[in-house]
Amino acid sequence: MNACIRRAREGDQSAKRKLVETLRPRIAKMAAYYGRICGEDPDDLLQEAWLGLLEALPEVDMKIGTPEQYLITRARWKLLDAVKRAKVRRCASLDDAGLEHLTPVGSDGAVASACVSEFVGELKTTQREVLYCLLAGLTWREAGEKLGCASANIAYHVRQIRRRYEEWSEEPACFV
């Protein structure tokens with residue numbers, strides 16, 4: 001299998017086909033499993049898994065661990081990122097979330113915009129960048145890649161943003 005992965009990594013199309021044929025049962029079972037437990041379409045998850053696997057193929061290091069397992073892990077990560085994005089899209093909108101106590105004074109759009117701008121302006125530069133990435137729909141891992149840090153760093157910044165928001169929302173300036 002390692003020889004096949006090595007040739008596929010170098011661009012050999014027949015080796016790529018053989019790799020796909022060999023890994024197809026495992027990847028298909030993984031997509032079906034996550035589709036069943038997460039309520040997502042298994043075919044969509046299968047497609048995401050293949051993307052993750054094939055994107056990881058050029059960067060697989062044949063000297064470290066089991067290259068086959070590395071490719072499967074990357075496929076799983078890509079699949080789980082798709083599940084997370086789908087879950088975020090299905091979440092209830094803020095209008096339905098019962099956040100009446102966070103209604104801006106006067107319910108004026110300009111006031112709401114000013115409040116958001118005020119809060120974002122009080123964040124540190126890195127926190128603002130993290131916030132913009134997450135608002136753009138990126139996962140923590142994707143935001144970390146874009147900003148050049150680990151997803152653990154993104155988690156740290158998200159905690160700081162939440163803490164700052166809790167402090168800020170208790171101030172009487174914008175909210176009743």
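Residues numbered from 1 in each chain as written. Predicted model: local features only at pLDDT ≥ 70, side-chain atom pairs only at ≥ 80, totals over all residues. Heavy atoms only, no water.

Caption draft 1: Local environment of the confidence of the model for the protein. Per-chain confidence: the protein averages 82 in pLDDT, with 83% of residues scoring 70 or above. Ranking the elements of the protein by mean pLDDT puts helix α5 (residues 109-121) last with 73 and helix α2 (residues 13-38) first with 92. (pLDDT = per-residue confidence, 0-100. Helix = DSSP H or I, 4+ residues; strand = E, 2+ residues; numbered from the N terminus.)

Caption draft 2: Representation of the nonpolar core in the model. One finds Leu19, Ile27, Leu71 and Leu79 to be the most contacted residues of the largest nonpolar core, which totals 25 residues. Taken together, the elements giving at least two residues each to this core come down to α1 (2-9), α2, α3 (42-56) and α4 (67-90). Per-element accounting of this core gives the leading share, eight residues, to α2. Ignoring anything within four residues of it in the chain, the contact list for Leu19 reads Met1, Cys4, Ile5, Ala8, Leu57 and Leu71. Counting 12 residues, the second-largest nonpolar core is a separate cluster that includes Phe119, Val130, Cys133 and Ala143. (Core = buried A, V, L, I, M, F, W, Y, C linked by side-chain atoms within 4.5 Å. Buried < 20%, exposed > 50% of the residue type's maximum accessible area, 1.4 Å probe, protein only. Contact = heavy atoms within 4.5 Å.)

Caption draft 3: Fine view of α3. Counted at 1.5 Å a residue, the expected span for α3 with its 15 residues is 21 Å, and the 21 Å between its end C-alpha atoms agrees. Listed in full, the buried residues belonging to α3 are Leu45, Glu48, Ala49, Trp50, Gly52, Leu53 and Ala56. (Expected span 1.5 Å × (residues − 1).)

Caption draft 4: Seen up close, the layout of surface pockets. If you add up the space inside the second largest pocket, you get close to 200 Å³. Taken together, Gly52, Glu55, Arg74, Trp77, Lys78, Asp81, Arg141, Glu142 and Glu145 form the lining of the second largest pocket. Taken together, the elements giving at least two residues each to the lining of the second largest pocket come down to α3, α4 and α7 (140-147). With four residues, α4 is the single largest residue contributor to the lining of the second largest pocket. Taken together, the residues of the lining of the second largest pocket break down into one nonpolar, one polar and seven charged. (1 Å grid on protein atoms, 1.4 Å probe; cavity = no way out; pocket = protein on both sides within 12 Å on 5 of 7 lines; lining within 4 Å. Points joined across faces, edges and corners; volume = space filled by probe spheres on them. Nonpolar A, V, L, I, M, F, W, Y, C, P; charged D, E, K, R; others polar.)

Caption draft 5: Region of interest: the packing of helix α6 (residues 125-135) against α7. Here α6 crosses α7 at 130°, and the two axes come no closer than 10 Å. Accordingly, the angle class assigned to the pair α6 and α7 is oblique. The handedness of the crossing between α6 and α7 comes out as right-handed. Contact residues: Glu129, Val130, Cys133 and Leu134 in α6; Trp140, Ala143, Lys146 and Leu147 in α7. Residue classes in the contact of α6 with α7 are distributed as six nonpolar, no polar and two charged. (Axes fitted to C-alpha atoms, helices over the stretch in contact; angles between N-to-C directions. Parallel < 35°, antiparallel > 145°, perpendicular 65-115°, else oblique. Left-handed = near helix turned anticlockwise from the far one by under 90°.)

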